[in-house]
Amino acid sequence: MQHSNTQDTLVGLFVASGIAGLFFLAMQVSNLSSFTAHDSYTVTARFSNSGGLKVKSPVSAAGVRIGRVSAISFDPKTYQSVVQMTIDSQYNTLPDDSSASVFTAGLLGEQYVNLDAGGSDEFLTDGSEIEITQSAIILEKALGQFLFKSAEEKK
Amino acid sequence: MANSAPPKNSLVSVQNLSFSRGNKKIFDDISLEFERGKITAIMGPSGTGKTTLLKLIGGQLFPEQGTVIVDDNNVHRLRRNELYNLRKRMGMLFQSGALLTDMNVFDNVAFPLREHTHLPESMIRTLVLMKLQAVGLRGARQLMPNELSGGMARRIALARAIALDPMMIMYDEPFTGQDPISKGALVQLIQSLNNILGLTSIIVSHDVQETAAIADYIYVLSGGKVVGQGTPKEIEQSPSEWVQQFMNGAPDGPVHFHYPAKDYVDDLLSTGKRY
Amino acid sequence: MTEFLQQLGRNTHTSFTKLGRASFFLLQTLSGILSVLARPRLLLNQLYSVGVLSFLIITISGLFVGMVLGLQGYYILSDFGAEETLGVMVAASLVRELGPVVSALLFAGRAGSALTAEIGLMKATEQLSGMEMMAVDPIKRIISPRFLAGLLSMPLLAALFSAIGIIGGQLVGSGLLGVDEGAYWSQMQSNLDFKDDIINGVIKSIVFGFVTSWIALFEGYDAIPTSEGVSRATTRTVVNSAFTILGLDFILTALMFGDD
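A brief report on the enclosed structure follows. Since we're looking at a predicted model, the values are computed, not measured. (Residues numbered from 1 in each chain as written. Chains lettered and ligands numbered in written order. Predicted model: local features only at pLDDT ≥ 70, side-chain atom pairs only at ≥ 80, totals over all residues. Heavy atoms only, no water.)

All names here are of chain B. Within strand β3 (residues 39–43), five of the five residues are buried, leaving the element largely enclosed by the surrounding structure. Of the two faces of β3, both are covered, the one formed by I39, A41 and M43 as well as the one formed by T40 and I42. The pairing of β3 with strand β8 (residues 200–205) spans five bridges and is parallel. Across the sheet, the residue bridging to A41 is I203, located in β8. (Buried < 20%, exposed > 50% of the residue type's maximum accessible area, 1.4 Å probe, protein only. Helix = DSSP H or I, 4+ residues; strand = E, 2+ residues; numbered from the N terminus. Pairing = 2+ DSSP bridges.)

Here the focus is empty space enclosed by the protein. Counted according to the given criterion, the structure contains two cavities of 30 Å³ or more. If you add up the space inside the largest cavity, you get close to 150 Å³. As for the largest cavity, its lining consists of 16 residues, and the residues nearest its centre are G91, M92, R160 and A161 of chain B together with M134 of chain C. Of all the secondary-structure elements, those providing two or more residues to the lining of the largest cavity are β6 (90–93) and α5 (150–161) of chain B together with α5 (127–133) of chain C. Grouping the constituent residues of the lining of the largest cavity by class yields 10 nonpolar, three polar and three charged. (1 Å grid on protein atoms, 1.4 Å probe; cavity = no way out; pocket = protein on both sides within 12 Å on 5 of 7 lines; lining within 4 Å. Points joined across faces, edges and corners; volume = space filled by probe spheres on them. Nonpolar A, V, L, I, M, F, W, Y, C, P; charged D, E, K, R; others polar.)

Right, let's get into the environment of I214 of chain B. Residue and element names in this part refer to chain B. Structurally, I214 is set in helix α7 (residues 208–214). Spatially, the C-alpha atom of I214 lies 8.5 Å from that of Q188, the residues being 26 residues apart in sequence. If near-sequence neighbours (up to four positions away) are discounted, I214 is found in contact with I39, F175, V187, I190, Q191 and I203. (Contact = heavy atoms within 4.5 Å.)

The next thing to look at is the layout of surface pockets. Take a probe with the size of a water molecule and roll it over the atoms, and the empty space left behind shows itself. Its volume calculated, the largest pocket comes out at about 770 Å³. Listed by contribution, the elements that provide at least two residues to the lining of the largest pocket are α2 (80–87) of chain B together with α1 (2–31), α4 (86–124), α5, α6 (138–176) and α8 (194–221) of chain C. Residue composition of the lining of the largest pocket, grouped by class: 15 nonpolar, five polar and nine charged.

Residue and element names in this part refer to chain B. A grouping of Y264, V265, L268 and L269 is seen on the molecular surface, where their side chains present a nonpolar patch of about 500 Å² in accessible area. Considering the arrangement of structural elements, one finds L268 in helix α10 (residues 264–269). For L268, a relative accessible area of 58% corresponds to the exposed category. (Patch = residues over 30% accessible without salt bridge, like charges linked within 9 Å, V, L, I, M, F, W, Y side chains within 5 Å. Areas by Shrake-Rupley, 256 points an atom, 1.4 Å probe, with all protein chains shown as cover. Salt bridge = Lys/Arg side-chain N within 4 Å of Asp/Glu carboxyl O.)

Residues and elements named next belong to chain C. Over its 30 residues, α1 runs 43 Å from end to end, which matches the ideal 44 Å to within 8%, given 1.5 Å per residue. Among all positions of α1, only A22, F25, L26 and T29 are buried. Buried residues along α1 sit in contact with α2 (33–37), α6 and α8. (Expected span 1.5 Å × (residues − 1).)

Turning next to the interface of chain A and chain C. If you look at the interface, chain A gives 26 residues, while chain C gives 31 residues. Summed over both sides, the interface between chain A and chain C buries roughly 2,600 Å², with carbon and sulfur atoms accounting for 70% of that surface. The largest contributions to the chain A side of the interface with chain C come from F14, L25 and V29 of chain A, which together make up 24% of the buried area. Here chain A is connected to chain C by one salt bridge. A salt bridge links R41 of chain C to D8 of chain A; the shortest N-O distance between them is 3.2 Å. Broken down by secondary-structure element, the contributors of at least two residues to the side of chain A that touches chain C are α1 (5–29) and β3 (64–75) of chain A. Among the elements that make up the side of chain A that touches chain C, the one with the highest residue count is α1 of chain A (17 residues). Tallied by class, residues from the side of chain A that touches chain C come to 13 nonpolar, nine polar and four charged. (Buried area = accessible area lost by both parts, 1.4 Å probe.)

All right, on to the side chain of D193 of chain C then. Residues and elements named next belong to chain C. With respect to the element layout, D193 can be found in the loop between α7 (181–191) and α8. Residue D193 is classed as buried on the basis of its relative accessible area, which comes to 10%. Separated by 2.9 Å, the side chain of D193 and the backbone nitrogen of D196 make a polar contact. (Polar contact = N/O pair within 3.5 Å; in protein donor to acceptor, adjacent residues only side chain to side chain.)

Structure below.
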């Protein structure tokens, strides 16, 4: 059996660089570093239409990303969309009368939940529900209404 | 065939063995005995399945019928680890030597010791050098197998085969393709190992001179049958035409020079066929 | 017509018996893995010949593939004014597909063919048979360490390929073409998911390492022990590995990224 020290060293280097590659992919390329490192709390909001919102869509306040959507379900009683959001615990001073709206980033970009801070002294905590919501603007609907209106004005 | 009876005190005993490959019957109900401490040779022309016989004895192949008894163990009834334990006591010298090409000579001879024992490296070194000394190649320990001549490779393989001090060694065509000097060296080596270590040797060969010189007992195989058996002297004087042809190397006799074919003249005159 | 059917039947029969032998071989190989763990030296030697010797071809190919992706991606994305998403495009295609698949194909060509030739030659020169007669199980001693080394090396090589490719894409994208470096990384980070993308890519590469090592070792072990037999087996290793990798990639992709 060949006991070669250079060979052992090269194997060691190979394994180390392979693991470094994996680590690089995990921390630098994917979103692992931005979420799992922090504690978070969950709030829900009901929308009459959550549009193209998806699980893992961003949740932001004043343009800063503070969390993400963790679940979306349909409530068969109220016919509403129930959106569950995970928010970083470092942002634990959001007033409980904040409002949530579904926005689109740019004309064709992805959809996200925007939180507008309210004025209450109470803060959102784990399990709170955001009462004031504004649904997604569905482009086709908006266009349809616009055309319908302009047609009526012409008459 | 007025020959001496087969030996009694046998280490390996092949009884009523039949084996075929595809439709070709290689052994048809043969029985052989290999006496303890003696050199027994199996001779016969190429393609009579002599190597197959060694593989059957080593348990690498399974017979259709019959049994192989090695040291009171029925080889083909043993469980895997029992067979492996038995094989540790059976050395085998392959025709090519079968040295491991990625190791040098020393590591090749040390291989069975390292696999099967937990001896300290210093003791392995001593043992390996002793075995290499026995085959006269202690000075070649640093060489790689591709740097060895055929005869040297076979001697190294022999050193490896005796590394675990087996009770028997099977030689598969040890003299084939060797120059006269290596042949002489191997003949002497096989004989002296047999005497000094008290081994039982089985030699499979078609080299008449060399084999007859060292064998205590010879079986001659042909067409899946034993066609002659006895001491070298008895074989030499065998009345069997077949045995005579083989021992003297006559080109024609019971074994024909021509491969079976239709009549020569007819064959030449028939036209319109490609073959 | 009957001849054709006969041939078909014969071929089916041969393929199935071969598949049976291959499965049996795999079981034996897997059962030998425990004894490999008891002798890490065997594994280390194989990690060298399987992993380290594939390192260079994998890293260089990864760099070039990443650079090409950066270039092509830029041309297409700039038509839509979406150059900032170049990082996403490069990283997603590498991590999800090209990393595991291309490195597995290279691995089959570099290490797989070498394994088949090595084992086939050992068989042709009676080394395996000789080992058996020395009461050493060639599967445990020769096959299992190589299998384990292939299985471990593949995800590492694929990760290296992707990582270096992403860096290569960045070099071209922001070095030559002027994509903002911050956008390259941040878009990538916000759009690639650890579990969905990275872990799935790693799973793919483990599966590919498994089948490639299996095919390579089996073809060598099952080779006809002549020089022609070994060369045919080596060819079969590369061809069959490539087919299997690409086919499995489709199935795995459909399973992993199907519901989104």
